[in-house]
Amino acid sequence: MNSPGHISTPSDKRRSVDPKQLIKVIVYGLLLVNWALYFADDWRIAQHTLRNGGSFLEWTAAFATSIDELAWFALLFVFELETYQLSDDSFTRSRVALLHGIRMICYVFLAHTLFAFAGIATDLNEVPLVENADNLCALAEQDLSYANNLEYTEITPLSCSSLSHADRFYFIDDDLVVTDTAGLGIERELAWVDLAEASVWLVILFFIEVMVRLQNRGVTRGPLMQCARFGKISLYVSLWAAAAYWIYRGHWMFAWDEALWILGFMAIGMNLSEWKKEIEDEQTAS
């Protein structure tokens, strides 16, 4: 059985400075910084949505993005090991099984994120109307927050008149956060884009998993490999579209993060291409 690493990787090649590998290190480092920013953002929002406490599932849903990012880091790390960093001789059956097991655990966490996003999108389809409130100032000093385009502001007598001039409001997070009709439309858009984006990434991961397992068996061509390769590339286009949407909504950090993750997994694709060439060279030589 062929091991999942490179077929042949001279030690001097590892020691040399490869500009492509340097770029990977920079991208991975920037992704780590982004995770810290996302955790801070999840914490900020949780101060509004869960300030009265919540169940374990509600807290994990509130930090779904941070948990999701951690699982992505683990996946990226394992794929990097399997497709580039570790040499052929470093692998045994038990180590291969361990790497695959780690990936399966990560997929469970990503499925949780998909479940959380689906719940949010579904809940926003039917939200209760705030009774007896024809202006936002009627809700001041009731320990409520106003949300618009993921910006959360406490409703006070000083802030209420500047937040919204609408005459209809909705509860979008239990009885703690309200928004107006325009804000509700944006919240729904954002939720469905999150759900679609998470779904696309899972399909891309499936294609990468197929390619890694096929090349692990020395298979570099064929209909299944072609389908995985071109399917993955076409799905990246939809993710760039999602990044454009985040820019349209003014969420530059989301767009930046999207671009970094695309580049990170394109680096894994680059590893796969180099590995494919080495497999084919080895097969030709033998």
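Structure shown above.
Model, not experiment: these values are computed from the prediction.

What exactly am I supposed to notice about the sheet that holds strand β2 (residues 151–154) here?
Neighbouring strands of a sheet are bound in pairs by backbone hydrogen bonds; such pairs are parallel or else antiparallel. An order of β2-β1-β4-β3 is seen for the four strands of this open sheet, with the pairing classed as mixed. Edge positions in the sheet fall to β2 and β3 (169–173), since each of these pairs with one other strand and no more. The sheet shows a mean angle of 35° between the axes of neighbouring strands, taken without regard to direction. Direction of pairing for strand β1 (residues 145–148) relative to strand β4 (residues 177–180): parallel, over a ladder of two bridges. Bridging from a neighbouring strand, tyrosine 146 pairs with valine 178 of β4.

How should I be thinking about the nonpolar core in this particular structure?
General note: in soluble globular proteins, nonpolar side chains tend to be found buried as a group. Counting residues in hydrophobic clusters, the biggest one holds 36 residues, and the most contacted among them are Phe79, Trp201, Ile208 and Phe265. Of all the elements in the fold, those that place two or more residues in this core are α2 (19–49), α4 (64–85), α5 (93–123), α7 (181–216), α8 (223–248) and α9 (252–285). When residues no more than four places from it in sequence are discounted, the contact partners of phenylalanine 79 are Tyr84, Arg103, Tyr107, Leu205, Ile208, Glu209, Val212, Phe265 and Ile268. Within the second largest apolar cluster, 15 residues are counted, among which are Ala121, Val177, Leu195 and Ala198.

Any chance you could explain the state of the cysteines here in plain terms?
A covalent bond between the sulfur atoms of two cysteines is what we call a disulfide. Counted under the stated rule, the structure contains one disulfide. The side chain of cysteine 137 participates in a disulfide bridge whose partner is cysteine 160; the two sulfur atoms lie 2.0 Å from each other. Note on the cysteine 137 and cysteine 160 pair: the S-S dihedral is about 85°, so by sign convention the disulfide is right-handed. Of the two residues, cysteine 137 sits in the loop between α5 and β1 while cysteine 160 sits in helix α6 (residues 160–163), which places them 23 residues apart along the sequence.

Please clarify how the pairing of β3 should be interpreted in this entry.
Note on strand geometry: in a regular strand, side chains alternate between the two faces of the sheet. The element β3 is extensively covered by neighbouring structure, given that four of its five residues are classed as buried. Relative to β4, β3 runs antiparallel, the two being bridged by four bridges. Across the sheet, phenylalanine 169 pairs through a bridge with aspartate 180, a residue of β4.

Is there a simple way to think about the packing of aromatic side chains in this case?
Two aromatic rings are characterised by how far apart their centres lie and by the angle between their planes. Per the counting criterion, the structure on display carries 12 aromatic pairs. When the ring of tryptophan 72 is compared with that of phenylalanine 265, the centres are 5.4 Å apart and the planes differ by 80°; the resulting orientation is edge-to-face. Separated by 193 residues along the polypeptide, tryptophan 72 in helix α4 and phenylalanine 265 in helix α9 bring together distant segments of the chain. Under the relative-accessibility criterion, tryptophan 72 is labelled buried at 7%. Note on phenylalanine 265: relative accessible area 0%, which makes it buried. Ring centres of tryptophan 201 and tyrosine 236 lie 6.3 Å apart, and the angle between their planes is 70°; this geometry places the pair in the edge-to-face category. Linking tryptophan 201 in helix α7 with tyrosine 236 in helix α8, this pair joins segments that are 35 residues apart in sequence.

Thresholds, definitions, all that
Residues numbered from 1 in each chain as written. Predicted model: local features only at pLDDT ≥ 70, side-chain atom pairs only at ≥ 80, totals over all residues. Heavy atoms only, no water. Pairing = 2+ DSSP bridges. Helix = DSSP H or I, 4+ residues; strand = E, 2+ residues; numbered from the N terminus. Axes fitted to C-alpha atoms, helices over the stretch in contact; angles between N-to-C directions. Core = buried A, V, L, I, M, F, W, Y, C linked by side-chain atoms within 4.5 Å. Buried < 20%, exposed > 50% of the residue type's maximum accessible area, 1.4 Å probe, protein only. Contact = heavy atoms within 4.5 Å. Disulfide = S-S within 2.5 Å. Phe/Tyr/Trp six-rings, centres within 6.5 Å; stacked < 30°, edge-to-face > 60°.

Purely geometric stuff here, so don't read any function into it on its own.
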